[in-house]
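Tertiary structure, described
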Amino acid sequence: MRVAGNDSRKRQRGSLSLLLLACALVPATALAPKQGAALAVLSLSPTGSASYAGWATGRGARIIGTTPLGGLVLDHAPDGALYSALSHGAIAIAVPLGLCTSSPGIEK
């Protein structure tokens, strides 16, 4: 009797783990920047967004503004933007270019 109860709990934990993983992956893929799209870069480390911006501008992106949270807005996501941002200590999030406005002192 106990064995059946333990198996049931293990299946419930496994199902809950899969559900939580799906709940995390769906928004992440929806917000992942597509190649050529505008993106906001938020830093996870002290130099994350600056390091990523250097990488991205070397591949054709331009800095067109800043976010209210202190991140940067780039006009063109290079190929592999999401994974590169994570490796540089930043998060890259797709944003509609029409909502982006340049900050004073940053030229388009």
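The rules behind each value
Residues numbered from 1 in each chain as written. Predicted model: local features only at pLDDT ≥ 70, side-chain atom pairs only at ≥ 80, totals over all residues. Heavy atoms only, no water. Pairing = 2+ DSSP bridges. Helix = DSSP H or I, 4+ residues; strand = E, 2+ residues; numbered from the N terminus. Axes fitted to C-alpha atoms, helices over the stretch in contact; angles between N-to-C directions. Buried < 20%, exposed > 50% of the residue type's maximum accessible area, 1.4 Å probe, protein only. Polar contact = N/O pair within 3.5 Å; in protein donor to acceptor, adjacent residues only side chain to side chain. Salt bridge = Lys/Arg side-chain N within 4 Å of Asp/Glu carboxyl O.

Okay, the sheet that holds strand S1 (residues 39–43) next. Ordered by their spatial adjacency, four strands build an open sheet running S2-S3-S1-S4, and the pairing between neighbours is antiparallel. The two strands at the open ends of the sheet, each matched to only one other strand, are strand S2 (63–66) and strand S4 (90–94). Looking at each pair of strands side by side, their axes are set apart by 30° on average, direction ignored. The pairing of S2 with strand S3 (residues 72–74) spans three bridges and is classified as antiparallel.

Let's shift gears to the environment of serine 87. Summarising the element assignment, serine 87 is placed in helix H3 (residues 81–87). In this structure serine 87 comes out as exposed when scored by relative accessible area, which is 60%. Between the C-alpha atom of serine 87 and that of tyrosine 52, which follows or precedes it by 35 residues, the distance is 8.6 Å. A distance of 2.8 Å separates a polar atom in the side chain of serine 87 from the backbone oxygen of serine 84.

Okay, the pattern of salt bridges next. This model, assessed by the stated rule, comprises one salt bridge. A salt bridge links arginine 62 to aspartate 75; its shortest N-O distance comes to 2.7 Å. Of this pair, arginine 62 sits in the loop between helix H2 (48–57) and S2 while aspartate 75 is found in the loop between S3 and H3, placing the two residues 13 residues apart along the sequence. Relative accessible area serves as the criterion here: at 42%, arginine 62 is assigned to the partly exposed category.

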